[in-house]
Amino acid sequence: MEVFLEIRKRLQSGLLIIREPKQGSLPMNISITPSLLKMKTLELCSEISFPPEVSLVPSSLRGLQYVSGDGIHMRLLVEANMNKKLVSTLNQDLQTLKCYTFSCQSCGEIIIKERKLLRVLPLPSGNWNVLVEEWCCHPDPFANKPLHPGENDCFIGDTHLLVNLRSDSCLPGPEIAPAETHHPSESHLESKPKANTKIICKRCKAMLGETGSSGTTKFYITEIIIQPSGRDFDMIPRSQFVQSVIAQCLVELSSTRSTFRFTVQGHDGKIYILIWLLNSDSLLIESLGNSESIQAFSLFEGMEKLNSNSTGIWNAVKVLYHPCIKNRNNELASSWENDIGVHSLVLPSQTCLELLLILSRSNDSLPPSLQCMNSFQVAFLKM
């Protein structure tokens, strides 16, 4: 028997769905305790244990109904307390006067080795230079003065960071090829002699960022991992990493800038996805009750490791989204692009497609009644 439980941590409420029972398995006897769900039919008796972080309040059960195509729905109060360590996004722990190693997230190839950071500073929002005119009563003092990091600086933006690679003191020669070089075997990065050249990982060919003027290099936060020098590389599944980084980015921007609508835009300038952040306090519990279910895509990676009485639990954000590929939703995308209340997230185009696939798979795995809302598709991003 398969179970789906969506919990709103702030409201301490949950929607519990016992997925569509097999034909002939009704009527069903359901018994709920704070930590256990028991289901008994004429053919079998099964039970599912909830994680220790979650405690149900059986006496609060209401709204019990059978929904065709979904299964048995019920709502109840849930006490949840989960403080799981999240995947580091841009490494909010970056500290000055420490050495860090930059690695390709996809394959672990070292990109920058033992870079000592003297300054770690946040970048202003993308339209900061437009707003300067509103702040100053005299001519713009920052006109034609782009923000370039110094040799040991790291400037952090919403979806990227800027570092300066002019110095060879922190960067051994074989690690990054000069723009004129065309010998991939001699470098960990390949680049072409153009302005704003792509930075490509030598090993896996993933696009990591772009080179700019004055020795400035932009690395996208979805493509690299920054760790203190000397620490072993921690390999994280690609889908899990992308979900967590984007989810935390959405939560942070919604908190600091009070914006909940986002366009996901490729480095080529094309809009790939429209995202509306719905809930940032979701907790999801999912179980797979038989081997046949495991063959299908589950909401999160790693569900195949669960046995029939186990559940997986994750912090997640709930989003509404529209895909914008193949000329879909062009008018809405254009409207959002011109709306000052919508924030743009720029990522490598391939990563935009990866994110769209993650959202689509999440949507497909949800009970049918939860897959759509107000013409948008619904999905969860694991944190």
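All of these numbers come straight from a predicted model, not from anything done at the bench. Per chain, the residues get numbers from 1 upward, laid out in the order the sequence is written. Where totals are concerned, whole chains, interfaces and linings use all residues; where local detail is concerned, this predicted model gives features only for residues with pLDDT of at least 70, and gives and counts side-chain atom pairs only at 80 or more. Side-chain calculation: all heavy atoms of the structure are included, whereas hydrogens and water are not.

Colleague: Any chance you could break down the overall build of the protein for me, citing the residues and the numbers?
Modeller: Strands here are runs of E lasting at least two residues and helices are runs of H or I lasting at least four, both read from the DSSP assignment and numbered beginning at the N terminus. Along its length, the protein carries five helices and 23 strands. Each residue is assigned to one of three classes by its accessible area relative to the maximum for its type, calculated with a 1.4 Å probe on protein chains only: buried under 20%, partly exposed between the two thresholds, exposed over 50%. Put simply, the protein has 383 residues, and 49% of those count as buried. Any two residues whose heavy atoms approach within 4.5 Å at even a single point are treated as in contact. Of all intrachain contacts in the protein linking residues separated by at least 6 positions in sequence, the fraction that spans at least 24 positions is 63%. Only the protein chains shown count as cover for residues, with accessible areas throughout obtained via the Shrake-Rupley method and a probe of 1.4 Å. Summed over all atoms, the accessible surface of the protein reaches about 19200 Å², with 51% contributed by carbon and sulfur.

Colleague: Before we move on, could you go through the pattern of salt bridges and cite the residues and values that matter?
Modeller: Only one rule defines a salt bridge in this text: a Lys or Arg side-chain nitrogen within 4 Å of an Asp or Glu carboxyl oxygen. Applying the stated rule across the entire model yields ten salt bridges. In this structure, the salt-bridge partner of Arg8 is Asp281, at a minimum N-O distance of 2.7 Å. Of the two residues, Arg8 sits in strand β1 (residues 3-8) while Asp281 sits in strand β19 (residues 271-287), which places them 273 residues apart along the sequence. Residues Glu354 and Arg238 are paired through a salt bridge, measuring 2.9 Å at the closest nitrogen-oxygen approach. Of the two residues, Glu354 is situated in helix α5 (residues 349-365) and Arg238 in helix α2 (residues 238-257); the sequence distance between them amounts to 116 residues. Connected via shared salt-bridge partners are Arg8, Arg10 and Asp281.

Colleague: Could you give an account of the environment of Asp232, with specific residues and numbers?
Modeller: One can find Asp232 in the loop between β17 (224-228) and α2. Along the backbone, Asp232 and Gly108 are 124 residues apart, and their C-alpha atoms lie at a distance of 9.9 Å.

Colleague: Lay out the pairing of strand β3 (residues 29-33) with the relevant residues and their values.
Modeller: Strand pairing follows a simple DSSP-based rule, namely that at least 2 bridges must link the two strands. Judged from the five bridges that link them, β3 and strand β4 (residues 36-40) form a sheet pairing that is antiparallel. Directly across from Ile32, in β4, lies its bridge partner Leu37. A loop of two residues connects β3 with β4, the two strands running antiparallel in sequence.

Colleague: Got a sec to walk through the packing of α2 against α5? Specific residues and values, please.
Modeller: Between α2 and α5, the least distance of the axes is 10 Å, while the angle of their chain directions is 95°. When the axis of α2 is compared with that of α5, the two are roughly perpendicular. From α2, Arg238, Ser239, Val242, Gln243 and Ile246 reach across to α5, where they touch Thr351, Glu354, Leu355 and Ile358. In terms of residue class, the contact of α2 with α5 is built from four nonpolar, three polar and two charged. Axes here refer to lines fitted to C-alpha atoms; in helices the fit is confined to the stretch in contact. Angles between the N-to-C directions go from 0 to 180 degrees. Convention used here: angles under 35 degrees read as roughly parallel, angles over 145 as roughly antiparallel, angles from 65 to 115 as roughly perpendicular, and any remaining angle as oblique. Three categories are distinguished: nonpolar for Ala, Val, Leu, Ile, Met, Phe, Trp, Tyr, Cys and Pro, charged for Asp, Glu, Lys and Arg, and polar for the others, with Gly belonging to the last.

Colleague: Tell me about the sheet that holds β17, residues and numbers included.
Modeller: To summarise the sheet geometry, strands pair through backbone hydrogen bonds and adopt either a parallel or an antiparallel arrangement. Strand order in the open sheet formed by three strands is β9-β8-β17, with antiparallel pairing between adjacent strands. Each of the sheet's edge strands pairs with one partner strand only, and the pair in question is β9 (110-117) and β17. The sheet shows a mean angle of 25° between the axes of neighbouring strands, taken without regard to direction. In terms of strand pairing, strand β8 (residues 98-104) meets β9 through five bridges, oriented antiparallel. Considered in β9, the bridge of Cys99 is made with Lys116.

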